[in-house]
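Descriptive analysis of the structure
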Amino acid sequence: MTEIKLMKGNEAVAEAAILAGADGYFGYPITPQSEVLEYFMIEKPHERTGMVILQAESEVAAINMVYGGAAAGKKVMTSSSSPGVSLKQEGLSYIAGAELPCLIVNVQRGGPGLGTIQPSQSDYFQSVKGGGHGDYKLIVLAPSSVQEMADFVSLGFDLAFKYRNPVMILSDGVIGQMMEKVEFKPQQKRLTEEEIMKKCPWATTGKTPDRERNIITSLELVSEKQELHNIKLQKKYKKMIDTEVLFEKFDCDDAEYLIVAFGSSARICSKAVKTLRENGVKVGLLRPITLFPFPTEEINKLADQVKGILSVEMNAGQMVEDIRLAVNGKVKVEHFGRMGGVIAMPNEVVEALNNKLIGG
Amino acid sequence: MSENIGIKDIISEENLVYSKTKLMTDKTLSYCPGCGHGTAHRITMEIVEELGIQADTVGVAPVGCSVLAYEFMNVDMQQAAHGRAPAVATALKRLMPEKYIFTYQGDGDLAAIGTAETIHACNRGENFTIIFVNNGIYGMTGGQMAPTTLPGMKSSTSPFGRDVELMGNPLKITELIAQLPGTHYVTRQAVHTPGNVRKAKKAIRKAFENQTLNKGISFVEIVSNCNSGWKMTPLDANKWMVDNMFPFYPLGDIKVDGEIVNK
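Residues numbered from 1 in each chain as written. Chains lettered and ligands numbered in written order. Predicted model: local features only at pLDDT ≥ 70, side-chain atom pairs only at ≥ 80, totals over all residues. Heavy atoms only, no water.

What follows concerns the layout of surface pockets. Considered as a void within the structure, the largest pocket measures approximately 390 Å³ in volume. Taken together, 22 residues make up the lining of the largest pocket; nearest its centre are Tyr94, His133, Ser218, Leu219 and Gln226 of chain A. Residue composition of the lining of the largest pocket, by class: nine nonpolar, eleven polar and two charged. Looking at the second largest pocket, its volume works out to about 330 Å³. Together, 19 residues line the second largest pocket, and Val63, Gly64, Gly108, Asp109 and Tyr138 of chain B are the ones closest to its centre. (1 Å grid on protein atoms, 1.4 Å probe; cavity = no way out; pocket = protein on both sides within 12 Å on 5 of 7 lines; lining within 4 Å. Points joined across faces, edges and corners; volume = space filled by probe spheres on them. Nonpolar A, V, L, I, M, F, W, Y, C, P; charged D, E, K, R; others polar.)

Here we come to empty space enclosed by the protein. Residue and element names in this part refer to chain A. Per the counting criterion, the structure on display carries two cavities of 30 Å³ or more. Volume-wise, the largest cavity comes out at about 100 Å³. Lining of the largest cavity is provided by Ala16, Leu19, Ala20, Ala150, Asp151, Ser154, Glu183, Phe184, Lys185, Pro186 and Gln188. Counting only elements with at least two residues in the lining of the largest cavity, the list comes to helix H1 (9–19) and helix H7 (146–163). Split by residue class, the lining of the largest cavity holds six nonpolar, two polar and three charged. (Helix = DSSP H or I, 4+ residues; strand = E, 2+ residues; numbered from the N terminus.)

On to unusual backbone geometry. Residues and elements named next belong to chain A. Residue Pro112 is bonded to the preceding Gly111 through a cis peptide linkage, with omega at 0°. Counting through the fold element by element, Pro112 comes out in the loop between strand S5 (102–108) and helix H6 (124–128). In this model, Phe292 is joined to Pro293 through a cis peptide bond whose omega is 0°. Relative to the assigned elements, Pro293 resides in the loop between strand S13 (290–292) and helix H12 (296–303). With a phi close to 50°, Lys44 is a non-glycine residue in the positive phi region. As for its position among the elements, Lys44 is in the loop between helix H2 (35–43) and helix H3 (45–48). By relative accessible area, which is 46% here, Lys44 ends up partly exposed. You will see that Arg164, though not glycine, has its phi angle at about 45°, which is positive. (Buried < 20%, exposed > 50% of the residue type's maximum accessible area, 1.4 Å probe, protein only.)

If you look at the biggest cluster of nonpolar residues, it comprises 128 residues, and the most contacted ones within it are Phe26 and Ile309 of chain A. The element that contributes the greatest number of residues to this core is H7 of chain A, accounting for ten residues. Once residues lying within four places of it in the same chain are set aside, the contact partners of Ile309 of chain A are Leu258, Val260, Ile299, Ala303, Ile323, Val327, Val331, Lys332, Val333, Glu334 and Leu357 of chain A. By size, the runner-up hydrophobic cluster in this structure holds 34 residues, among which are Tyr31, Phe72, Val220 and Ile222 of chain B. (Core = buried A, V, L, I, M, F, W, Y, C linked by side-chain atoms within 4.5 Å. Contact = heavy atoms within 4.5 Å.)

Printed below as a string of structure tokens:
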């Protein structure tokens, strides 16, 4: 039987990475996610599995270490929080351009700028719309529990290698810092170099006589070829949209109103839904698990059924734009959010739904 | 006798005294005629061939004139973002400690935008090789001032010559990193004469061989010309380099086996 542990979300990420057979973690401390690196340093995964852990001199260096390791076909990752993730955007653009698999964990805090160390969801745009320069997408997973923090590590690595694309776990200070019970999957073996050469024939492991040299680059100076590369990338993103959408629905079958919320906001909203139902308001909750690809189709279907949709986010209104695109004017879509690290209360959500959709 | 010798005799195996290394591809170099990059590429790849480590070598290309180094060097290579090559190489070496890892970088890449990555990788004592081509100017971008541009030296962003009062001092990054405990071998070479090419090649060989010792970074600066950026003929550029660059960036070993060389 698997052992159930009580752990912080950040610690669960680190333990899950060791168990997933990750080859390397390169990071830089920043609140509220420093426990990831701290846990690694305590746990000594170098002795447990041979996993390499390095505290880089900056977030910029850390993501470029991830780029180097990923190009060699290794299972590599980094984690950071909002201002740190902003610094990583250069590297993420290169990694997406060079089509390399890697995992990045963003435990969001309030911004802009240095902002606050309290939780926020204001990096939604940056995460799902590209973030760095150029047309690219990350697969973005939004955990709402410590268990999902752990589960999304191996899921993230699997998706990253399936698509040769960076995957982001978009968490926040609530999920990163809170403690919950968590159950881990059994230890996976790290791949040997021979296995990597077989599984990732594109990897820069050293040119052997049986193949041409492998080159990892995001550079193409001929515009027409660069366009072809972009077309190829867009096809890949379309395939993600067609096959990788994940979401959860609660009380949606008879819902007359719909709340859409992800991550820690979804937990607050589930309490609000309970209260509203007790007051006779038929409300359902849709929790997107993948923020890219977004559950556009499902929201569009629900828009035929409900009178209005409320997007609840810890920001000024970011995901609400994707909901409006999904709904395409069928019903009213409103936003409720708190900013700057303030966590919304369930009664505020109840009030917002009453004021903006039922009363309004 | 001479009428009996044909081209076939000349190129026959036993008569050949020199041929292009197979570790350089047949692709035409993108460098300006007279530029030192071609020679620096060639001697680097000759060393990889002579050591027989092609299957164990991964290179990291920079941004700048040598951004396309991977087109010419017949080894597995990664192209890094501006200045980030030492970070990329750090992960490569840590994850594949048995491989030979090198970065190939110019002065803008290594000594301006990548100063942090350079200093920290060197100070950590990462066990790879850095080949640093210093021509005192941003070549690919069109001849702008570099951190290594000499005082009084003209560039498109120092059109009346580098004014130290206004633009700051040139950065002797090689002397700087030689002070760091993580560097094992630091040397400054050039490739403008056959004698210098031989010395530079010897330095690169030592830099690669040092990786087996696992003692820290080997750093080979190659002072080179940029006849296009300097707006000179190749011959004039080499003369200008000898007269002006070498007094400021003197050739020779700076640190050997972890010890500063006192001249």
